[in-house]
Amino acid sequence: MDRIFLAIAILSEVAATSALKSSEGFSRLLPSIVVVIGYGVSFFLLSLALRSIPVAVAYAIWSGVGQALIAAVAWFAFRQTLNAGELAGMGLIVAGVVTLGFFSNGAH
């Protein structure tokens, strides 16, 4: 169940971060509400995931997968481009998350 909490925490963080751009410095109400609620849900669920997943592993997965998903959202929704170095860096982050998943005792 804690892995599900972590997955939903990641998705909530991605939604909140995506809405952050649309909030235009918290000057637009609806995106600003999505930001506050999304981050609140994300941190709450992350805290629940930490019951059985070590904090270093959970945070690495949460931030690494979230970063990769945010890059995808930025590319699709905001038409932002990524250069080869940025893509390579994200590939390394994803590789690190996968490595943590395979070798961490707490993630199983």
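Refer to the preceding data block for the structure.
Description of the structure in this document.

Cut-offs used in this document
- Residues numbered from 1 in each chain as written.
- Predicted model: local features only at pLDDT ≥ 70, side-chain atom pairs only at ≥ 80, totals over all residues.
- Heavy atoms only, no water.
- Helix = DSSP H or I, 4+ residues; strand = E, 2+ residues; numbered from the N terminus.
- Buried < 20%, exposed > 50% of the residue type's maximum accessible area, 1.4 Å probe, protein only.
- Contact = heavy atoms within 4.5 Å.
- Areas by Shrake-Rupley, 256 points an atom, 1.4 Å probe, with all protein chains shown as cover.
- Lys, Arg positive; Asp, Glu negative; His and termini not counted.
- Charge placed at Lys NZ, Arg CZ, Asp CG, Glu CD.
- Polar contact = N/O pair within 3.5 Å; in protein donor to acceptor, adjacent residues only side chain to side chain.
- Core = buried A, V, L, I, M, F, W, Y, C linked by side-chain atoms within 4.5 Å.

**Quick look at the overall build of the protein chain**
And then number 1: Helix and strand counts for the protein chain stand at 4 helices and 0 strands.
And then number 2: Based on the C-alpha atoms only, the size of the protein chain along its principal axes is roughly 45 × 35 × 15 Å.
And then number 3: Of all 108 residues assigned to the protein chain, the portion counted as buried reaches 31%.
And then number 4: The long-range fraction of contacts in the protein chain, counting pairs at least 24 apart against all pairs at least 6 apart in sequence, stands at 65%.
And then number 5: By element, 73% of the accessible surface of the protein chain is carried by carbon and sulfur atoms, the whole surface being about 6,600 Å².
And then number 6: Charged side chains of the protein chain number 5 positive and 4 negative; the gap between the two group centres comes to 5 Å.

**Topic: the environment of Ser-27**
And then number 1: Checked against the element boundaries, Ser-27 lands in the loop between helix 1 (2-22) and helix 2 (29-49).
And then number 2: On a C-alpha basis, the gap between Ser-27 and Phe-102 in space is 43 Å, while along the polypeptide they are 75 residues apart.
And then number 3: A polar atom in the side chain of Ser-27 sits 2.6 Å from the backbone oxygen of Glu-24.

**Topic: unusual backbone geometry**
The phi angle of most residues is negative, glycine excepted, and most peptide bonds adopt the trans form.
And then number 1: Positive phi is not limited to glycine here, since Phe-26 has a value of about 60°.
And then number 2: With respect to the helices and strands, Phe-26 occurs in the loop between helix 1 and helix 2.
And then number 3: Judged by its relative accessible area of 48%, Phe-26 falls in the partly exposed class.
And then number 4: Even without glycine at this site, Arg-79 takes up a positive phi of about 55°.

**Remarks on the nonpolar core**
And then number 1: Counting 15 residues, the largest nonpolar core has Leu-6, Ile-10, Leu-46, Ile-53, Ile-61 and Trp-62 as its most contacted members.
And then number 2: Among the elements of the structure, helix 1, helix 2 and helix 3 (55-77) are those that each provide at least two residues to this core.
And then number 3: Per-element tally for this core: the top contributor is helix 1, with 5 residues.
And then number 4: With residues up to four places along the chain from it excluded, the contact list for Leu-6 reads Leu-46, Ala-49, Ile-53, Ala-58, Ile-61 and Trp-62.

Any functional reading would require information beyond the geometric quantities listed.
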